[in-house]
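# Descriptive structure summary
One-letter residues, chain by chain:
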Amino acid sequence: MGDGAGANGTMILGIETSCDETAAAVVTADGQVLSSIVASQAEIHARYGGVVPEVASRRHLELIGPVIREALAGAGSGSGPGRVTLGDITRVGVTCGPGLIGALLVGLSAAKAIAWSRSIPLVPVDHLQGHVASLYLGPTPVEPPFVCLLASGGHTQLLAVRRHGSFERLGTTLDDAAGEAFDKGARLLGLPYPGGAEIDALARQGNSEAFRFPVARVPGLDFSFSGVKTSLLYAVRDLGDAGLAERRADLAASYQRAIVRALTQRLRQAAETAGIERLAVVGGVAANTELRAALPDAALAPLSLCTDNAAMIASAARFTDPLPPAEALVLDAYASAA
Ligand code: KG4
Ligand code: ZN
């Protein structure tokens, strides 16, 4: 092993297969990303308009070996250490949930096999803790305390993060997640899956004041995106095919504006409630251009670490205790958040 590993020679292999990205990464103890490989299945699922769980599991099975090999090979190139092999890995972190059970089990089985065969510790990682831990990676890690908006395809939560490895949930969505609202909105606009990035791109050519879509008034620090989605549905219906073709960019811009407004308002309110000044945003929706621009004072995960990846999982594994060997092989996956 070369000398580019972490302070105490730790090299963590992260594995992530909770949805439709097969990902592996090598991260050092001090949070330096030596490699991060993400094989997206988005194209395969696009023809169905969303992720098909059984198709995702099969594709994970095909990809997991090559993706891990590529992560190891990548960790040993560039400015990192010399050749890296499984023998250099000192800890394996793997996503156990929440996510699609069949998909999670593929990553979990691979992680168990590596940990068992090399006699190295296995660390179970919660996907949401993983997204938060994307902020702890180099070159400019963010340190707690901060209030974090976690906005992805499956979750929209406000978290008070006071120390590494834990958080207090302040609010959540009562219906759709923000990413889901983007994806469903894109579908109504006739844009391909996954729709967040498509709406983001189209919105740049549109007028965000053209349509008035509502920001739901929900008590406390929770969110609701079903109303804005229904408003878009009615607007699309009223316009008809020709009108939709003409106004698509305006609709995208106005719809995006309503979602971003809901997210930013609630994030600032959460910071006030928690008495924490620093703001942060993680998850796939954190890649959104308008959201990033609306929060110039917030810590934002780098674009490559917003959507699902394994570097964030390896990062979280730095702050979670490994399982005793007897418990590692019986570790199970879970579908929804505890
Ligand atoms: O974190 P992520 O990769 O997976 C989950 O854990 O769900 O988030 C994926 C979500 C999708 O709903 C996708 O449409 C959304 O993030 N997304 C975006 C953008 N890029 C990805 N939403 C808005 N603007 C974007 N640029
Ligand atoms: Zn995610």
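Our subject is the structure listed above.
These remarks concern the structure in this document. (Residues numbered from 1 in each chain as written. Chains lettered and ligands numbered in written order. Predicted model: local features only at pLDDT ≥ 70, side-chain atom pairs only at ≥ 80, totals over all residues. Heavy atoms only, no water.)

Quick look at the coordination of the zinc ion (ligand 2) now. Around the zinc ion (ligand 2), the protein contributes the donor atoms His 127 (NE2), His 131 (NE2) and Asp 308 (OD), which lie 2.0 to 2.1 Å from the metal centre. Angles of 96 to 140° at the metal separate the 4 donor atoms of the zinc ion (ligand 2), which places the site in the irregular class. Along the chain, the residues that donate to the zinc ion (ligand 2) are spaced as H-x3-H-x176-D. One end of the pair, His 127, is in helix H4 (residues 127–133); the other, Asp 308, is in the loop between strand S10 (299–300) and helix H9 (311–317), with 181 residues separating them in the sequence. Judged by its relative accessible area of 5%, His 127 is buried. The exposure class assigned to Asp 308 is buried, which follows from its relative accessible area of 15%. (Donors = N, O, S within 2.8 Å, 3.2 Å for Na, K, Ca; no water. Tetrahedral: all angles 85-135°; square planar, octahedral: opposite > 155°, others 65-115°. Helix = DSSP H or I, 4+ residues; strand = E, 2+ residues; numbered from the N terminus. Buried < 20%, exposed > 50% of the residue type's maximum accessible area, 1.4 Å probe, protein only.)

Strand order in the open sheet formed by 5 strands is S3-S2-S1-S4-S5, with mixed pairing between adjacent strands. Each edge of the open sheet is held by one strand with a lone partner, namely strand S3 (33–40) and strand S5 (122–126). Sheet twist, expressed as the mean angle between neighbouring strand axes with direction ignored, is 20°. Strand contacts of helix H2 (residues 53–75): strand S1 (11–16), strand S2 (21–28) and S3, with the helix running at about 25° to S2, the strand carrying the most contacts. Packing of helix H3 (residues 101–118) onto the sheet brings it into contact with S1, strand S4 (91–97) and S5, and relative to S4 it is tilted by some 155°. (Pairing = 2+ DSSP bridges. Axes fitted to C-alpha atoms, helices over the stretch in contact; angles between N-to-C directions. Contact = heavy atoms within 4.5 Å.)

Before going further, it helps to examine the packing of helix H6 (residues 195–203) against helix H7 (residues 226–274). Two numbers describe how H6 lies on H7: the axes approach to 8 Å, and their chain directions differ by 115°. Taken together, the axes of H6 and H7 are roughly perpendicular relative to one another. Along this stretch, H6 crosses H7, giving a crossing that reads as left-handed. Residues Ile 199, Asp 200, Leu 202 and Ala 203 of H6 lie in contact with H7, whose contacting residues are Arg 248, Ala 249, Ala 252, Ala 253, Tyr 255 and Gln 256. Tallied by class, the residues present in the contact of H6 with H7 amount to 7 nonpolar, 1 polar and 2 charged. (Parallel < 35°, antiparallel > 145°, perpendicular 65-115°, else oblique. Left-handed = near helix turned anticlockwise from the far one by under 90°. Nonpolar A, V, L, I, M, F, W, Y, C, P; charged D, E, K, R; others polar.)

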